[in-house]
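So you can see what is in the structure, the chains are spelled out below.
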Amino acid sequence: MNSWLRYFFLFIVVVFLQVTIGNSIHLLGVAIPFIYFIIRLPLLLSVNWTLTLAFILGLVIDIFSNTPGMNALACTVVAFLRKPILNLYTPRGEDYSESEPSIRNFGMSLFVRYVLTFSLCFCTLLFVIESFSFFDIGRLIVRVLASTILTFLVILGMDSLTKSGREKRL
């Protein structure tokens, strides 16, 4: 029950931060930081729960951001891609299924590749849905790359601030 309460609190904090701060940040008119909640969900959680929580998160952000379903679709698709993205980078013998994704559990190299790929997929999907065309491909690529880098940095920063029950701080 303690972990569910922690994830509920994390959900509320992430939605609040995204709606109040994240949607207001537009570095150079192109970069917008995005969500962190889906990455922190334990890998042991079933795909159905992960997709449901991701959809609810995206829907709540859509409601407060006045974006009709864009975040809900992007969050759901990226939540579906969580394990395949992780499987791209893990050696065959390694089993991270009981871990919660973090730098401390995965190590810096694996976590950085995982988060960078995750952020790139999310930002690409979100901006392609938003533009719904490839008419201005240069601006689309700049927005995707800038938002991916900003999202990546925000996720690394938030990961350094959080700690799970098994982890020890120095």
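This structure is a prediction, so every number in the text was calculated from the model and none was measured. (Residues numbered from 1 in each chain as written. Predicted model: local features only at pLDDT ≥ 70, side-chain atom pairs only at ≥ 80, totals over all residues. Heavy atoms only, no water.)

Asks: Can you help me understand the nonpolar core in this one?
Replies: Counting residues in each nonpolar core, the largest one holds 35 residues, and the members touching the most others are Phe 37, Phe 111 and Tyr 114. Going through the elements one at a time, helix H1 (2-20), helix H2 (37-40), helix H3 (47-65), helix H4 (70-80), helix H5 (82-89), helix H7 (108-131) and helix H8 (137-161) are the ones with two or more residues in this core. Broken down by element, this core gets its largest block of residues, 7 residues, from H7. (Core = buried A, V, L, I, M, F, W, Y, C linked by side-chain atoms within 4.5 Å. Buried < 20%, exposed > 50% of the residue type's maximum accessible area, 1.4 Å probe, protein only. Helix = DSSP H or I, 4+ residues; strand = E, 2+ residues; numbered from the N terminus.)

Asks: Explain H5 to me, please; I cannot follow it from the model alone.
Replies: What H5 keeps buried is the set Arg 82, Ile 85 and Leu 86. In a view along the axis of H5, the buried residues occupy a sector of 95°, so they form one face of it. Relative to its buried face, H5 has exposed residues pointing more than 90 degrees away, namely Asn 87 and Leu 88. Against the buried residues of H5 lie H2, H3, H4, helix H6 (103-106) and H7. (Arc of directions from axis to C-beta. Contact = heavy atoms within 4.5 Å.)

Asks: Explain H8 to me, please; I cannot follow it from the model alone.
Replies: In an α-helix, one turn spans 3.6 residues; hence positions three or four apart end up facing the same way. With 25 residues, H8 ought to run about 36 Å at 1.5 Å a step, and its terminal C-alpha atoms sit 36 Å apart, in line with that. All of the buried residues along H8 are Leu 140, Arg 143, Val 144, Ser 147, Thr 148, Leu 150, Thr 151, Phe 152, Ile 155, Leu 156, Met 158 and Asp 159. (Expected span 1.5 Å × (residues − 1).)

Asks: Looking at this model, I keep getting lost on the packing of aromatic side chains. Mind explaining?
Replies: Each aromatic ring pair is specified by the distance between its two centres and by the angle formed by the two planes. Counted under the stated rule, the structure contains 2 aromatic pairs. Measuring from ring centre to ring centre gives 6.0 Å for Phe 106 and Tyr 114, while their planes differ by 70°; the resulting arrangement is edge-to-face. Each member of the pair, Phe 106 as well as Tyr 114, is classed as buried. Measuring from centroid to centroid gives 6.0 Å for Tyr 114 and Phe 118, while their planes differ by 45°, and the two rings are tilted. With Tyr 114 and Phe 118 both in helix H7 and 4 residues apart, the pair spans about one turn of that helix. (Phe/Tyr/Trp six-rings, centres within 6.5 Å; stacked < 30°, edge-to-face > 60°.)

Asks: How should I be thinking about the pattern of salt bridges in this particular structure?
Replies: Proximity of charged atoms lets side chains of opposite charge pair with each other. One pass over the structure, following the stated rule, counts 1 salt bridge. Residue Glu 130 pairs with Arg 143 through a salt bridge whose shortest N-O separation is 2.9 Å. With Glu 130 in helix H7 and Arg 143 in helix H8, this residue pair connects regions lying 13 residues apart in the sequence. Look at Glu 130 and you get partly exposed, because its relative accessible area is 38%. Using a relative accessible area of 17% as the deciding quantity, one classes Arg 143 as buried. (Salt bridge = Lys/Arg side-chain N within 4 Å of Asp/Glu carboxyl O.)

Asks: Would you take a moment to explain the packing of H7 against H8 for this structure?
Replies: In a packed pair of helices, the relevant descriptors are the angle between the two axes and the axis-to-axis distance. Taken N-terminus to C-terminus, the directions of H7 and H8 make an angle of 140°; their axes are 8 Å apart at the nearest point. Here H7 is positioned oblique relative to H8, judged by the angle of their axes. Where H7 crosses over H8, the handedness of that crossing is right-handed. Here Phe 111, Val 112, Val 115, Leu 116, Ser 119, Leu 120, Cys 123, Thr 124, Phe 127, Val 128, Glu 130 and Ser 131 of H7 come into contact with H8, specifically with Leu 140, Arg 143, Val 144, Ser 147, Thr 148, Thr 151, Phe 152, Ile 155, Leu 156 and Asp 159. Looking at the contact of H7 with H8 residue by residue, the classes come out as 13 nonpolar, 6 polar and 3 charged. (Axes fitted to C-alpha atoms, helices over the stretch in contact; angles between N-to-C directions. Parallel < 35°, antiparallel > 145°, perpendicular 65-115°, else oblique. Left-handed = near helix turned anticlockwise from the far one by under 90°. Nonpolar A, V, L, I, M, F, W, Y, C, P; charged D, E, K, R; others polar.)

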